[in-house]
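# Coordinate inspection notes
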Amino acid sequence: MARHLKVATTETKETSAIPREKLLSMYYYLLLTRELENRVLTLYQNQNPMDPLIVGKGYLSTGQEAISVGSASTLETEDWYCASHRDMGAHLVRGFTPREIFLQYGCREGSPTNGKDGNVHFGDTKRHMISFISHMGSNLPVGNGVAAAALYKGEKSVVIAPFGDGASSQGVIHETMNYAGVFRLPVVFVLNNNQWAISTPLSQQTAAKNLYDRAIGYGFAGKAVDGNNIIEVYRAVKEGVDRARSGAGPTLIECRTMRLAGHGTHDPATYIPKEQLEAWKKKDPIPTFRNYLTENNILSNEADRKVQERVQTEIDDAVEYARCRPMIGPSPELYQVFSKP
Ligand SMILES: Cc1ncc(C[n+]2csc(CCOP(=O)(O)OP(=O)(O)O)c2C)c(N)n1
């Protein structure tokens, strides 16, 4: 019996509204995200410094993949995702390939940023994926801008704008949500509450009991969900996306989770109490979802083996592909900084 996925056992009727193909696709992307980022960490720890494949650091989403995969899975092609640094899952769902991602990490020829960045600051407006901005919280006003442009143009697209519990203390978050509420912008704010902002615990971040309560002050809907339960995340974000598309304005969804790795590949996270980590490892979103899928005859053991094999093959291929491409020298940094008018 799945230990953690209560929604799956008690609300089968509602969860069955999620198409089988969608559930299986979310499982594939969860696995791909976890295994791809595990490989980033292994390469970072074992690489040849003279020929690195992970040139900078990696900011991984280990343990909280259900938030980005579940959220991005609710979107249509014309919708937008304004990424944060825990959104590898969303990049994959929106169509970035493992090859592109290892080219990016390795600053190799063909990388999405042409070597200007070596980890998660990348996007592609053609795929409606806005690059993460390093200043915490700064992706949110961009989300507002994209949403306001859609409204202005009479389009029906919706924007997902994710941020963390640490970013929630930034002033710009308040301004963004207030504005979005006033102008009923089609934005879903997805708060990844992983309880730590680098080494600052939530108790030192806010005196509030619930971060989602802030939505009341902006005049729109807010709720909290179990961020390790991809079905709960999907359903809550989909509700927000539908609300936004109908013209009813923004939603704030607080997804409660826990970072099961360091802030980045360089961080052993010794400041996190062992008991806290151990307790949350038992709520790992991937085995929980796998149990749900197998218990409900959506995924057979054989199909599971095949999808795991597929993920490993894709990652092996991507790493070798990147390894064979030349590293980009300094000169291209001069190009593609400004867009052409
Ligand atoms: C404005 C700003 N202040 C500080 C930093 C340094 N910094 C990078 S990530 C981070 C922690 C962010 O925590 P949170 O928003 O909870 O996201 P998480 O990393 O936990 O997903 C900090 C302080 C930054 N990038 N931008």
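Further up the page is the structure itself.
Okay, so let's go over this structure.

## Here we look at a nonpolar patch on the surface
There is a patch of nonpolar side chains on the surface, built from Tyr179, Val182 and Phe183 and spanning about 320 Å² of accessible area. As for its position among the elements, Tyr179 is in helix H8 (residues 171–182).

## Details of the sheet that holds strand E8 (residues 251–256)
If you trace the six strands from one edge of the open sheet to the other, you get E2-E1-E3-E4-E8-E7, paired in parallel fashion. The open sheet terminates on both sides in strands that have one partner only, identified here as strand E2 (129–130) and strand E7 (221–226). Where strand E1 (residues 80–82) meets strand E3 (residues 159–164), two bridges bridge the pair, whose relative direction is parallel. Looking at the pairing, Trp80 lines up with Val159 of E3. Of the strands in this sheet, E3, strand E4 (187–193), E7 and E8 are in contact with helix H10 (residues 230–245), which crosses E7 at around 160°.

## Here's the deal with the pattern of salt bridges
Scanning the model with the defined rule gives 21 salt bridges in all. A salt bridge links Arg39 to Asp316, with the nearest nitrogen and oxygen atoms 2.8 Å apart. Placement of Arg39 in helix H3 (residues 20–46) and of Asp316 in helix H13 (residues 301–323) is noted, with a sequence separation of 277 residues between them. Taking relative accessible area as the criterion, Asp316 reaches 39% and is therefore assigned partly exposed. Between Glu309 and Arg305 there is a salt bridge, with the nearest N and O atoms lying 2.6 Å from each other. In this pair, Glu309 and Arg305 both sit in helix H13, four residues apart, roughly one turn of the helix. Judged by relative accessible area, which is 41%, Arg305 ranks as partly exposed.

## Some words on the nonpolar core
Phe102 and Phe289 are the most contacted members of the largest nonpolar core, which totals 62 residues. Among the nonpolar cores identified, the runner-up in size contains 22 residues, and Ala147, Phe163, Ile173 and Ala215 belong to it.

What counts and what doesn't
Residues numbered from 1 in each chain as written. Predicted model: local features only at pLDDT ≥ 70, side-chain atom pairs only at ≥ 80, totals over all residues. Heavy atoms only, no water. Patch = residues over 30% accessible without salt bridge, like charges linked within 9 Å, V, L, I, M, F, W, Y side chains within 5 Å. Areas by Shrake-Rupley, 256 points an atom, 1.4 Å probe, with all protein chains shown as cover. Salt bridge = Lys/Arg side-chain N within 4 Å of Asp/Glu carboxyl O. Helix = DSSP H or I, 4+ residues; strand = E, 2+ residues; numbered from the N terminus. Pairing = 2+ DSSP bridges. Contact = heavy atoms within 4.5 Å. Axes fitted to C-alpha atoms, helices over the stretch in contact; angles between N-to-C directions. Buried < 20%, exposed > 50% of the residue type's maximum accessible area, 1.4 Å probe, protein only. Core = buried A, V, L, I, M, F, W, Y, C linked by side-chain atoms within 4.5 Å.

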